[in-house]
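# Coordinate inspection notes
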Amino acid sequence: MKIEIIKCLQDNYSYLIIDKKSQDACVVDPSEAKPIINFVENNRINLKYILNTHHHYDHVGGNLELKKKYNIDVVGFIGDKDRIPEIDILVQDNQIWKSDIFEAKIYHIPGHTTGHIAFHFFKEKKIFTGDTLFSLGCGRIFEGTYKQMFDSLNKIKKLPTDTKIYCGHEYTLQNSNFCIANDPKNLKLKDKIIEIREKLKNNLPTVPSILNDEIECNIFLKAKDVESFSKLRDLKDNF
Ligand code: ZN
Ligand code: FE
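A brief report on the enclosed structure follows. (Residues numbered from 1 in each chain as written. Chains lettered and ligands numbered in written order. Predicted model: local features only at pLDDT ≥ 70, side-chain atom pairs only at ≥ 80, totals over all residues. Heavy atoms only, no water.)

### Comments concerning the coordination of the iron ion (ligand 2)
Defined as follows: Each metal's donors are the N, O and S atoms found within 2.8 Å of it, except that Na, K and Ca use a 3.2 Å limit; water is left out, so coordination can look incomplete. A four-donor site is classed as tetrahedral when every donor-metal-donor angle falls between 85 and 135 degrees; four donors are called square planar, and six octahedral, when trans pairs exceed 155 degrees and all remaining angles lie between 65 and 115, with any other arrangement labelled irregular.
Distances from the iron ion (ligand 2) to its protein donors, Asp58 (OD), His59 (NE2), Asp131 (OD) and His169 (NE2), fall within 2.1 to 2.2 Å. Between the four donor atoms coordinating the iron ion (ligand 2), the angles at the centre fall across 83 to 168°, so the site counts as irregular. Sequence positions of the residues that donate to the iron ion (ligand 2) give the spacing D-H-x71-D-x37-H. A distance of 3.2 Å spans the gap from the iron ion (ligand 2) to the zinc ion (ligand 1), which Asp131 bridges by coordinating each metal.

### Notes on the packing of aromatic side chains
Cut-off, in case you're wondering: Pairing of aromatic side chains here covers Phe, Tyr and the six-membered ring of Trp, requires ring centres within 6.5 Å, and sorts the geometry by plane angle: under 30 degrees stacked, over 60 edge-to-face, intermediate tilted. By definition, any uninterrupted DSSP run of H or I lasting at least four residues is a helix, any uninterrupted run of E lasting at least two residues is a strand, and each is numbered from the N terminus. Remark: exposure states derive from per-residue accessible area (1.4 Å probe, protein chains only) relative to the maximum for the residue type, with buried under 20%, exposed over 50%, and partly exposed in between.
Taken as a whole, this structure holds eleven aromatic pairs when the rule is applied. Ring plane angle 25° and centroid distance 5.0 Å describe the contact between Phe128 and Tyr166, whose orientation is recorded as stacked. You can see Phe128 sitting in strand 10 (residues 126-130) and its partner Tyr166 sitting in strand 13 (residues 164-167), a full 38 residues away along the chain. The two residues Phe128 and Tyr166 agree in class, both being buried. Between Phe134 and Tyr171, the ring centres sit 5.0 Å apart and the planes meet at 70°, which makes this aromatic pair edge-to-face. Pair noted here: Phe134 is in strand 11 (residues 133-134) and Tyr171 is in the loop between strand 13 and helix 5 (172-182), with a separation of 37 residues, a long-range link. Phe134 gets classed as buried once you look at its relative accessible area, which sits at 4%. Grouping aromatic residues by their ring pairs yields a cluster made of Tyr13, Tyr15, Phe121, Phe128 and Tyr166.

### Structural notes on helix 1 (residues 34-42)
Let me state the cut-off plainly: By definition in these notes, contact holds between two residues if any of their heavy atoms fall within 4.5 Å.
The set of residues buried in helix 1 consists of Pro35, Ile36, Ile37, Phe39 and Val40. Turning to helix 1, the residues buried within the fold contact strand 1 (2-8), strand 2 (12-18), strand 3 (24-28), strand 4 (46-51) and helix 3 (63-70). One or two positions beyond helix 1, positive phi appears at Arg44, with a value near 50°.

### As for the sheet that holds strand 1
Where we set the bar: Strands pair, by our definition, only if DSSP identifies at least two bridges between them. For helices, the fitted axis covers only the stretch in contact; all axes are lines through C-alpha atoms, and the angles between them, taken along N-to-C directions, range from 0 to 180 degrees.
A sheet is described by the order of its strands in space; here six strands give the open sequence 1-2-3-4-5-6, paired in mixed fashion. The sheet terminates laterally at strand 1 and strand 6 (87-91), the two strands that pair on one side only. Across the sheet, the mean angle from the axis of one strand to that of its neighbour is 25°, orientation sign disregarded. In terms of strand pairing, strand 4 meets strand 5 (residues 73-77) through three bridges, oriented parallel. In the strand pairing of strand 5, Leu51 is matched with Val75. Running at roughly 140° to strand 1, helix 1 makes contact with strand 1, strand 2, strand 3 and strand 4 of the sheet. This element, helix 3, spans strand 3, strand 4, strand 5 and strand 6 of the sheet and lies at about 150° to strand 4.

Now the structure itself:
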């Protein structure tokens, strides 16, 4: 299984999960159809599924056009069946979604939205976290509660520490500024920031991140309780 990172819109990432043998693929959160179609056509990919982490436009914007063109199924959270465009396959918390070689466990991780989910390809140790866990940050709380977001992040935190994190946006540099301002003595974070700057300088994505790095460097994952988490979230909103 190979992951292709596709830049979309301003700072979104969509991901193609490709079976190298068959060239079958799923696309995670197609913000827009065009960059996906370009890659699919140029590389003779057989697009089979759209996997949506949540209903926001910058994650589902390409659903309609891709479905029309490739006649594929859209997989999304059962609770968002009325607001994920073109949804076909409804999944719920802790369910395993499987098709051929693609096999992911679904986690309901509310906070950013009430219906946010993550797709965990547990055999490959890769998780698609949408706008819940970012590298060195977490999503804004639009619909859920602080407690929900805190619990959702803790769910992800318990996965194997070598799990790769594929998130919805390239926010890592801005996030790192907030982390270092609040955790100025973190040497591991300082090293990570050097890495991040180097990647961005070379026009490379900073994703995927490794869960272990996030546990050591992401200030939101270091919050001990929901009170300190809430304080950090508020500070970040005004940073
Ligand atoms: Zn969002
Ligand atoms: Fe987003």
